[in-house]
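So you can see what is in the structure, the chains are spelled out below.
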Amino acid sequence: QVQLVESGGGLVQAGGSLRLSCVASGRTIRDYDMAWFRQAPGKDREFVAAIGWSGGPTYYEDSLKGRFTISRDNVKNTVYLQMNSLKPEDTAVYYCAAGPISGVLTNDPARYYSWGQGTQVTVSS
């Protein structure tokens, strides 16, 4: 089983940017499709983006397209989430997840079986 550790969260003003990292250990992430989810206080976990094992395809929550970019470096065993033009409603704990390689990326959290502990992102207005 792969272990995942997120980092890069923090406090940022609206309009700012952050890049989250998810470093994997125990197994190579080449064996997985990877995704980011987020969870705001009092809300369900929400899909953010996913990326196929080779770096493509990518799949985004519609409302986040154009502001968020998912990428991966299989050599560094790391997945990234670049977040631009951040809004207060982006405030949440962001989680990295690993799931089986599939021909079709999914936004269903049940399809991902390894999760990190999360990193807090807070966007002030």
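Scroll up to find the structure.
It should be emphasised that the depicted structure is a prediction, and the values quoted were computed from it without experimental measurement.

Structural notes on the overall build of the chain
Okay, so step 1: For the chain, the helix and strand inventory stands at zero helices and 11 strands.
Okay, so step 2: A compact globule built from 125 residues should have a C-alpha radius of gyration of about 14 Å, and the chain, at 13 Å, falls within 12% of that.
Okay, so step 3: If you line up the chain on its principal axes, its C-alpha atoms span 40 × 25 × 25 Å.
Okay, so step 4: Across the 125 residues of the chain, 46% fall into the buried class.
Okay, so step 5: Look at the contacts in the chain between residues 6 or more apart in sequence, and 61% of them connect residues 24 or more apart.
Okay, so step 6: Taking the average location of the 12 positive side-chain charges in the chain and that of its 11 negative ones, the two points are 5 Å from each other.

As for the side chain of Asp 33
Okay, so step 1: Among the structural elements, Asp 33 can be located in strand 4 (residues 32-39).
Okay, so step 2: Arg 72 provides the closest opposite charge to the buried, salt-bridge-free Asp 33, at an N-O distance of 5.2 Å.
Okay, so step 3: Within the structure, the side chain of Asp 33 is placed 2.9 Å from the backbone nitrogen of Ser 102, a separation counted as a polar contact.
Okay, so step 4: Not counting chain neighbours up to four residues away, the residues in contact with Asp 33 comprise Ile 51, Gly 52, Trp 53, Arg 72, Ala 97, Ala 98, Gly 99, Pro 100, Ile 101, Ser 102, Leu 105 and Tyr 112.

A look at the packing of aromatic side chains
Okay, so step 1: Counted under the stated rule, the structure contains five aromatic pairs.
Okay, so step 2: Judged by centre distance (6.1 Å) and plane angle (70 degrees), the rings of Tyr 32 and Tyr 113 are edge-to-face. Here the residue Tyr 32 occupies a position in strand 4, and Tyr 113 occupies one in the loop between strand 9 (92-100) and strand 10 (114-115), the gap between them amounting to 81 residues.
Okay, so step 3: For Tyr 113, a relative accessible area of 41% translates into the label partly exposed.
Okay, so step 4: Judged by centre distance (5.0 Å) and plane angle (40 degrees), the ring pair of Phe 47 and Tyr 59 falls under tilted. Placement of the pair is Phe 47 in strand 5 (residues 46-51) and Tyr 59 in strand 6 (residues 58-60), with a sequence separation of 12 residues.
Okay, so step 5: Members of the aromatic cluster, joined through ring pairs, are Phe 37, Phe 47, Tyr 59, Tyr 112 and Trp 115.
Okay, so step 6: Across the ring face of Tyr 95, the terminal group of Arg 45 is positioned such that the distance to the ring centre comes to 4.0 Å.
Okay, so step 7: The ring of Trp 115 has Arg 45 sitting right over it, with the charged end atom 4.7 Å from the ring centre.

Observations concerning the pairing of strand 7 (residues 68-73)
Okay, so step 1: Burial along strand 7 is one-sided: the face carrying Phe 68, Ile 70 and Arg 72 is buried and the face carrying Thr 69, Ser 71 and Asp 73 is not.
Okay, so step 2: Between strand 7 and the antiparallel strand that follows it, strand 8 (residues 78-83), lie four residues; Asn 77 among them carries a positive phi value of about 55 degrees.

Thoughts on the state of the cysteines
Okay, so step 1: Counting across every chain of the model gives one disulfide.
Okay, so step 2: Paired through a disulfide, Cys 22 and Cys 96 show a sulfur-sulfur distance of 2.1 Å. Sign of the S-S torsion, about -75 degrees for the bond between Cys 22 and Cys 96, identifies this disulfide as left-handed. Taken as a pair, Cys 22 in strand 3 (residues 18-25) and Cys 96 in strand 9 lie far apart in primary sequence, 74 residues in all.
Okay, so step 3: On the basis of relative accessible area, Cys 22 is assigned to the buried category, the value being 1%.

Cut-offs applied
- Here the residue index of a chain counts from 1 through its sequence in written order.
- Side-chain atom pairs in this predicted model are given and counted only at pLDDT of 80 or more, local residue features only at pLDDT of at least 70, and totals for whole chains, interfaces and linings cover all residues.
- Hydrogens are left out, water is left out, and the side-chain values use all remaining heavy atoms of the structure.
- Comment: elements are numbered from the N terminus, with helices defined as DSSP H or I runs of at least four residues and strands as E runs of at least two.
- Only C-alpha atoms enter the radius of gyration; for comparison, a globular chain is expected to reach 2.2 Å times N to the power 0.38, where N is the number of residues.
- To sort residues, take the accessible area from a 1.4 Å probe on protein chains only and compare it with the maximum for the residue type: under 20% means buried, over 50% means exposed, and anything in between is partly exposed.
- Residue contacts follow a heavy-atom distance rule, with two residues in contact if any of their heavy atoms lie within 4.5 Å.
- Positive residues here are Lys and Arg, negative ones are Asp and Glu, while His and the chain termini are left out of the count.
- In plain terms, the charge of a residue is placed at NZ if it is Lys, CZ if Arg, CG if Asp and CD if Glu.
- Just to be clear on terms, a salt bridge is a Lys or Arg side-chain nitrogen sitting within 4 Å of an Asp or Glu carboxyl oxygen.
- Contacts described as polar in this section are N or O atom pairs within 3.5 Å, which, within protein, must combine one atom able to donate a hydrogen with one able to accept it, while residues neighboring in sequence count only if both atoms come from side chains.
- Only centres within 6.5 Å qualify two rings of Phe, Tyr or Trp (six-membered ring in Trp) as a pair; their planes then separate them into stacked at under 30 degrees, edge-to-face at over 60, and tilted for everything else.
- Ring-over charges, as used throughout, are those where CZ of Arg or NZ of Lys falls within 6 Å of the ring centre and within 35 degrees of the ring normal.
- Being paired, for any two strands, means DSSP has found at least two bridges between them.
- Here, a disulfide means two cysteine sulfur atoms that sit within 2.5 Å of each other.

Treat this as a map of the structure, not an account of what it does.
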